[in-house]
Structures are given as C-alpha cells and as structure tokens.
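Residue-level listing of the chains:
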Amino acid sequence: MQNQPTRSPKLPQAIWHNVFAFPPNRETLGGTAYLIVENQGNILIDSPGWDEVNREYLNSLGGVRWLFITHRGAIGQTRHLQATYNCEIIIQEQEAYLLPGLNVTTFEREFDLGNGIEIIWTPGHSPGSACLYYPQHGGILFSGRHILPNLQGEPAPLRTAKTFHWLRQLRSVKLICDRFTRETLQYICPGANTGFLRGQRVISNAYERLNCGSW
C-alpha cells in the first residue's frame, strides 16, 4: 500500500485586512476562532487549534492581548494560549470555574474593551454564552454558537441536544436585535457551521437576515 500524501495544515483566512478566521478546530467540535488585529492589542475569539502553523501565525501578527471565550465549548487550549502569550482571558462569570488555576477576567452582562468593542452576555446555548461586537466594517457580531448559519446559510439560533435553555436563547436573540440596527450590524462571524456558508466568509446583511423585525 502506497503512503498517502501528507496534507499541509490550512492557514487562517483573512476576512478583512485586520480580521482573520482560523480553520475549524476538532478540539472544539469544529469551532471557528477569529483574530482581530488592533493597535491597542490583538483580540482572539475562542481557541484555535494549538499547532505550529497557528502559533507562528499568531506570533507574526503580534501575539494575543485578550482571549475572549464565547462559551464553554470553545475553551480548547486556553491554558496553553495564556502560558504562551500572557493574554488576559475574558469569560462570562458563570463559566469561569471551567478554567481553574488561570488568571481570568469575568463579567456579568457586558464588558467594554474600548473603541466601541463590546462583549454581551447572550445566555441560552450555554449559561455563559456571549458575543463580541466589533464596530468596524459596518458592524460585526462574533456570535460563537449563539447564532449560527442553518442548512440554508441563514443566521438563526439552533436548538441542539446541548442547548442549555432554549427560551433564554430566543430572548438573547431579541436582545441583539433590540441593541443594533441594519446600519450597525451588517455582518455575523459565526463560531461554527461555517461550511453552511458555501464559500462565503461571513454572513452579510446580518440584521435583515436575522429577521429582527419578527422578534
């Protein structure tokens, strides 16, 4: 039997000039992590695969200042990330117990990173599920698993066997709709199911496609 060719690990993909998406991470059940490169310090959203390619990529862009965890299923190699980059871990207070021995910053409902960058508690998928809003490029919501593309590639809350509280998740979607407008929320970067986007890198026209008028 001939040896099978070795596949090279995929590089993170640039979405905008300062926003990058990592390949789905098996350790987080196919979760997609993102990096925002900012002058005040880089923001890593969820844990990417902990391999040499991703480490070198993060190093080349200046490392990580903040690591925001959108939900408990996205923790991955958070411990190694903090040990390597001495980054500040931000996680909603109900899920911080899952990171024993690490230095974490917790919040209840909101956390302000400055320059209009906000973290918002959106419980439902998990007790401490949260999203990050980035005001550049027309407004981007990094939604973790709170809002995902469905089979048709449309943004929606998806009920699964692991959903913590479905009615709370629906209320959290309404919270997002009430907080933003079609002018301030133009894109969603989901934390999983990115294959359902069928080659699109993000969900565009996010506010309208979320059917915010019906919540």
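Further up the page is the structure itself.
Here the residue index of a chain counts from 1 through its sequence in written order. Reporting of local features is limited, given that this is a predicted model, to residues whose pLDDT is at least 70; pairs of side-chain atoms are given and counted only at 80 or more, and all residues count toward the totals for whole chains, interfaces and linings. Based on all heavy atoms of the structure, the side-chain values leave hydrogens and waters out of the count.

Asker: How should I be thinking about the state of the cysteines in this particular structure?
Answerer: By definition, a disulfide is the covalent link that joins the sulfur atoms of two cysteine residues. By convention in this document, the label disulfide applies to cysteine sulfur atom pairs within 2.5 Å. What the rule picks out here adds up to one disulfide. The thiol of Cys131 is unpaired, and the distance to the nearest cysteine sulfur, on Cys177, comes to 11 Å. Here Cys189 is not cross-linked by a disulfide; its sulfur's nearest cysteine counterpart is in Cys131, at 12 Å.

Asker: How do you make sense of the sheet that holds strand E14 (residues 187-190) when you look at a structure like this?
Answerer: Strand-to-strand pairing in sheets goes through backbone hydrogen bonds, with the strands running parallel or antiparallel. At least two bridges found by DSSP between two strands is the condition for calling them paired. Here a strand is any run of E in DSSP of at least two residues, a helix any run of H or I of at least four, and the numbering for each starts at the N terminus. One open sheet accounts for six strands, arranged E8-E9-E10-E11-E14-E15; its pairing is mixed. For this open sheet the edge positions go to strand E8 (110-114) and strand E15 (203-204), each flanked by a neighbour on one side alone. Where strand E11 (residues 140-144) meets E14, four bridges bridge the pair, whose relative direction is parallel. For Ile140, the partnering residue across the bridge sits in E14 and is Tyr187.

Asker: Looking at this structure, I do not really get the pattern of salt bridges. What am I missing?
Answerer: Opposite charge on two side chains permits them to pair, given that their charged atoms come into close proximity. Salt bridges are defined by distance alone: a side-chain nitrogen of Lys or Arg within 4 Å of a carboxyl oxygen of Asp or Glu. For the coordinates displayed, the defined rule picks out six salt bridges. Residues Glu95 and Arg72 are paired through a salt bridge, measuring 3.1 Å at the closest nitrogen-oxygen approach. Of this pair, Glu95 sits in the loop between strand E6 (88-92) and strand E7 (104-107) while Arg72 sits in the loop between strand E5 (66-68) and helix H2 (78-85); the two residues are 23 residues apart in sequence, bridging distant segments of the chain. What makes Glu95 buried here is its relative accessible area of 0%. Exposure categories follow from relative accessible area, calculated using a 1.4 Å probe and restricted to protein chains: below 20% of the type maximum is buried, above 50% is exposed, and the middle band is partly exposed. Of the residues examined, Arg72 reaches a relative accessible area of 32% and is grouped as partly exposed.

Asker: Sorry if this is basic, but what is going on with the pairing of E14 here?
Answerer: Taken residue by residue, a regular strand's side chains alternate between the two faces of the sheet. Note: E14 against E15, two bridges, orientation antiparallel. Bridge pairing links Ile188 to Ile203 in E15.

Asker: What exactly am I supposed to notice about the sheet that holds strand E4 (residues 43-45) here?
Answerer: An order of E1-E2-E3-E4-E5-E6-E7 is seen for the seven strands of this open sheet, with the pairing classed as mixed. Here the strands that pair on one side only, and so sit at the sheet edges, are strand E1 (13-16) and E7. Averaged over all pairs of adjacent strands, the angle between strand axes in this sheet comes to 25°, irrespective of strand direction. Two elements, strand E2 (residues 19-21) and strand E3 (residues 34-36), share three bridges in a ladder whose sense is antiparallel. Paired with Ala21 across the two strands is Tyr34, which belongs to E3. Fitting a line to C-alpha atoms yields each axis, with helices limited to the stretch in contact; the angle taken between N-to-C directions then spans 0 to 180 degrees.

Asker: Whenever I open this one, the side chain of Ser126 confuses me. Can you help?
Answerer: For Ser126, the position within the fold is in the loop between strand E9 (117-121) and strand E10 (130-134). Ser126 gets classed as buried once you look at its relative accessible area, which sits at 3%. N or O atoms within 3.5 Å of each other form a polar contact, as long as, within protein, one can give a hydrogen and the other can take it, and as long as residues adjacent in sequence are counted only when both atoms are side-chain atoms. Looking at Ser126, its side chain comes within polar contact range of the main-chain nitrogen of Ser129, at 3.2 Å. Non-local contacts of Ser126, meaning those with residues more than four positions away in its chain, are made with His71, Arg72, Glu95 and Phe164. Contacts were defined at the residue level, with two residues in contact if any of their heavy atoms lie within 4.5 Å.

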